[in-house]
Amino acid sequence: MSDGGILHIKGRVLAGPEDVRDELWVVGGHITYERPPGTVPDTGVIEGWVLPGLVDAHCHVGLGSKGPVDESATEKQAITEREAGALLLRDAGSPSDTRWVDDRADLPRIIRAGRHIARTKRYIRNFAHEIEPGDLAAYTRREARRGDGWVKLVGDWIDREEGDLAPCWPRWAVEEAIAAAHEEGARVTAHCFAESSLRDLVEAGIDCVEHATGLTEETVPLFAERGVAIVPTLVNTATFPQLAEGGKKYPRWAAHMRQLHERRYETVRAAYEAGIPVFTGTDAGGSLPHGLVSAEVGELVKAGIPAADALSAAVWGARRWLGRPGLEEGAPADLVVYAEDPRADVGVLGSPRRVVLRGEVVH
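We now turn to the structure provided with this report.

To continue, consider the packing of helix 2 (residues 136-146) against helix 3 (residues 171-183). Any two packed helices are characterised by the angle at which their axes cross and by the distance between the axes. Look at helix 2 against helix 3: their axes get within 8 Å of each other, and the N-to-C directions meet at 25°. Judged by the angle between their axes, helix 2 and helix 3 are roughly parallel. The way helix 2 lies across helix 3 gives a crossing that is right-handed. For the pair helix 2 and helix 3, contact is made by Leu 136, Ala 137, Thr 140, Arg 141 and Ala 144 and by Ala 173, Val 174, Glu 176, Ala 177, Ala 180, Ala 181 and Glu 183, respectively.

And the structure:
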C-alpha cells in the first residue's frame with residue numbers, strides 16, 4: 001500500500017465495457033473516483049489498463065483428484081487463482097470446509113455451492129454426497145443452507161449397466177430438490193455432459209448448467225426461453241479425448257465423449273447466438289490445475305464469442321450474475337492491472353502487471 005494508506009490507479013480504468021475512466025483511488029481498501037483531500041498526486045501510483053478481479057465461475061477449492069485436500073494445498077490453489085487475476089471464485093462443489101479462507105485478506109473471495117450431490121456410485125469417489133432420489137430434496141436443502149447461495153447437483157454420469165452417460169435422477173426428484181433450494185434462497189446448478197438430462201432439469205427450474213456439452217437444437221431454445229445460464233468449462237472439455245482413450249471398457253461412452261468434444265465450439269457458439277448467458281469457468285481443482293481463467297476466455301473466443309463478450313463473461317457480466325460489485329464507487333478494491341487493453345486482445349489476461357486485493361497490492 002502507498003504512503004498514508006492511499007493507492008492511486010491511473011491509465012484506463014474499465015469500469016464497464018464502454019465505461020472507461022482515467023483514474024481511481026483506493027482508500028481504506030475501497031474504491032473512490034474522488035481525489036482524497038491532501039494526497040500527493042504521484043505517490044503510490046500504479047498505471048495500466050484496469051479491470052475488476054476476474055471471475056472463475058466453476059472451480060473447486062479444497063478438492064484434489066482423490067478428494068479433499070488439506071489447508072496447505074487449499075491455500076496454494078487460492079494463491080494460484082489470485083496470481084492469475086481471478087479474485088472471485090464460484091466453488092462448484094467441494095467436500096472441504098474452506099470458510100477459513102474468508103478470514104484471509106490476501107486470498108480470493110469464494111462463493112460456495114456446498115458439496116456435490118450425486119447418485120450412489122455414479123460419480124468420482126470421495127467428491128460428493130452419494131444418495132438415492134428419495135433423499136435428494138433433503139440433501140439439497142441442507143447444502144443450500146451450508147453454501148453461499150448455490151447448490152451443485154450431478155445431473156448425469158456414466159451408467160455402467162448402460163455403458164454410456166445417463167441421467168442420475170428421475171424428474172420428480174429434481175423438481176423437489178430445485179424447489180427446496182429455491183425455498184432456501186439458493187440457486188441450483190448441475191454437472192451435465194450428455195443430452196438426456198437437460199430438459200428435465202430446465203423444466204424443473206434449474207438456474208445454471210455446468211459444461212452443457214449436450215445442448216442440441218431442441219434444448220438451446222428452451223435454455224434461452226428460461227434464461228438458464230451455462231458455464232462451458234472448455235479447458236476441461238478439451239480433455240474428453242484423453243478420458244475416452246482411458247475408457248475402452250465402455251466403447252459407447254467413449255464414442256459419445258469424443259462426439260461431445262468434436263462439437264464443443266459449435267455448441268457454445270449456438271448457445272451464445274441464442275441469447276443463453278455464458279460465463280467463464282475452468283473446473284480446476286479435481287484433475288485440472290488452478291489459474292486457467294485467461295485460457296478459458298481465449299477458448300470462448302475460439303468458439304466464436306466476440307472478444308468483448310468473452311471478456312465480460314469473466315468480468316462485468318459474471319460479477320453481475322453472481323451479485324458482486326466491480327469497480328463501482330465504494331466497492332472493495334479487488335482489481336487487476338494490465339500493460340495493454342484486454343478488450344483488444346484477451347491474451348493479455350494471462351500476464352497481470354499488478355493484482356490488488358482488498359486494497360492491497362498482492363502481485
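Counting 86 residues, the largest nonpolar core has Leu 51, Leu 136, Ile 206 and Phe 223 as its most contacted members. No other element matches the five residues that helix 3 contributes to this core. Counting residues in each nonpolar core, the second largest holds 15 residues, with Leu 7, Val 13, Leu 24 and Leu 335 among its members.

A separate point is the sheet that holds strand 5 (residues 54-59). Here three strands make up an open sheet; going across it, the order is 5-8-9 and the pairing parallel. If you trace the sheet from one side to the other, it starts and ends with strand 5 and strand 9 (109-112), each paired once. Mean inter-strand twist for the sheet, computed between neighbouring axes without regard to direction, equals 20°. Judged from the four bridges that link them, strand 8 (residues 86-91) and strand 9 form a sheet pairing that is parallel. Looking at strand 9, one finds that Arg 90 is bridged to Ile 111. Each of strand 5 and strand 8 is contacted by helix 1 (residues 71-83), which is oriented at about 130° to strand 8, the strand it contacts most.

Here the focus is the pairing of strand 18 (residues 335-338). Burial of strand 18 is two-sided: the residues Leu 335 and Val 337 facing one way and the residues Val 336 and Tyr 338 facing the other way are all buried. Looking at chain direction, strand 4 (residues 45-52) and strand 18 are connected through four bridges and run antiparallel. Bridge pairing in strand 18 links Trp 49 to Tyr 338. Pairing of strand 18 with strand 19 (residues 354-357), which is carried by three bridges, proceeds in the antiparallel orientation. Bridged to Leu 335 within strand 19 is Val 356.

Procedures and definitions
- Residues numbered from 1 in each chain as written.
- Predicted model: local features only at pLDDT ≥ 70, side-chain atom pairs only at ≥ 80, totals over all residues.
- Heavy atoms only, no water.
- Axes fitted to C-alpha atoms, helices over the stretch in contact; angles between N-to-C directions.
- Helix = DSSP H or I, 4+ residues; strand = E, 2+ residues; numbered from the N terminus.
- Parallel < 35°, antiparallel > 145°, perpendicular 65-115°, else oblique.
- Left-handed = near helix turned anticlockwise from the far one by under 90°.
- Contact = heavy atoms within 4.5 Å.
- Core = buried A, V, L, I, M, F, W, Y, C linked by side-chain atoms within 4.5 Å.
- Buried < 20%, exposed > 50% of the residue type's maximum accessible area, 1.4 Å probe, protein only.
- Pairing = 2+ DSSP bridges.

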